[in-house]
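Spelled out from the first residue to the last, the chains are:
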Amino acid sequence: KFAMKDLDLARHILGMEISRHHDRQQLFLSQTDYIGRVLECFNMQSAKFASTPLPINLRLSQRDCPKSGPEGEDMKSVPYAPEIGSLMYVMVATRPDISHVVRVVSRFMHNTDRSHWNAVKHVFKYLGGTEDHDILFGPNLTSSVVGYTDSDFAICVDSRKSSTKYCFKFGNGAISLKSKLQECTTTSTTKAEYVAASNMAKEALWL
């Protein structure tokens, strides 16, 4: 037997903030405080706001990674992996809008270039201007799970693999999402779309 204390409705859990509008049957999940602490930890709290998670048409590549020399030594002092870890937690908990860019920048943790680090800082600039964004769960008019999917053909400049992206919503809020490179190398946009739709269908059946 364990003694328990009733703390009323949950307001904070694992860095997430919970707020409710009972009259409208709405629940909000956000990480405003956590994002603020992360920005302060990496000295990005005063950075200029970026309107998108990733610069338009930016394609990061393994070819940009430093091979050796002073550039590689200089990047060893950059807290790249901790920054990626913080972004991953924000993405998984309440911010699916950064899932694509987190997937992209996490591929270079073993050998980081200045361009990769600039992309990570761009994400922090985006979060700095949108830290109060949240996920809303409310009355679901259809009483069913709704999913969306898409693919980017040959998005990876190194392997020429396409990407699969999907997002499922229930109660008007995101409950399942994915953004990853496809395991096979497709040779047309149609095939890339079929692979993405297949992965989405598997998740839909499980849900």
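Residues numbered from 1 in each chain as written. Predicted model: local features only at pLDDT ≥ 70, side-chain atom pairs only at ≥ 80, totals over all residues. Heavy atoms only, no water.

## Overview of the sheet that holds strand 5 (residues 146-152)
Within a beta sheet, neighbouring strands are joined by backbone hydrogen bonds and run either parallel or antiparallel to one another. With antiparallel pairing, three strands are arranged side by side in an open sheet as 5-6-7. Only two strands of the sheet have a single neighbouring strand rather than two, namely strand 5 and strand 7 (173-181). Averaged over all adjacent pairs, the angle separating strand axes in this sheet is 10 degrees, with direction ignored. In this sheet, strand 6 (residues 163-170) lies alongside strand 5 in antiparallel orientation, the contact comprising seven bridges. Counterpart to Tyr 148 in the pairing with strand 6 is Cys 167. Sheet strands touched by helix 6 (residues 189-206): strand 5, strand 6 and strand 7. Its angle to strand 5, the strand with the most contacts, is close to 150 degrees. (Pairing = 2+ DSSP bridges. Helix = DSSP H or I, 4+ residues; strand = E, 2+ residues; numbered from the N terminus. Axes fitted to C-alpha atoms, helices over the stretch in contact; angles between N-to-C directions. Contact = heavy atoms within 4.5 Å.)

## What to know about the environment of Leu 127
Mapped onto the elements of the fold, Leu 127 is located in helix 5 (residues 114-130). For Leu 127, a relative accessible area of 2% puts it in the buried group. Each C-alpha atom of the pair Leu 127 and Val 104 lies 17 Å from the other, and the pair is 23 residues apart in sequence. If near-sequence neighbours (up to four positions away) are discounted, Leu 127 is found in contact with Ile 35, Leu 87, Val 90, Arg 95 and Ile 98. (Buried < 20%, exposed > 50% of the residue type's maximum accessible area, 1.4 Å probe, protein only.)

## Digging into helix 3 (residues 80-93)
Its 14 residues give helix 3 an end-to-end C-alpha distance of 20 Å, which sits within 8% of 20 Å, the value for a rise of 1.5 Å per residue. Buried positions along helix 3 lie against strand 2 (16-21), helix 1 (32-41), helix 4 (99-105), helix 5 and strand 4 (134-137). (Expected span 1.5 Å × (residues − 1).)

## Thoughts on helix 1
Listed as buried for helix 1 are Tyr 34, Ile 35, Val 38 and Leu 39. Along the axis of helix 1, the buried positions cluster into a sector of 135 degrees, meaning they face one direction only. Exposed residues on helix 1 whose side chains face more than 90 degrees from its buried face are Glu 40 and Cys 41. Among the structural elements, strand 2, helix 3 and helix 5 are those in contact with the buried residues of helix 1. (Arc of directions from axis to C-beta.)

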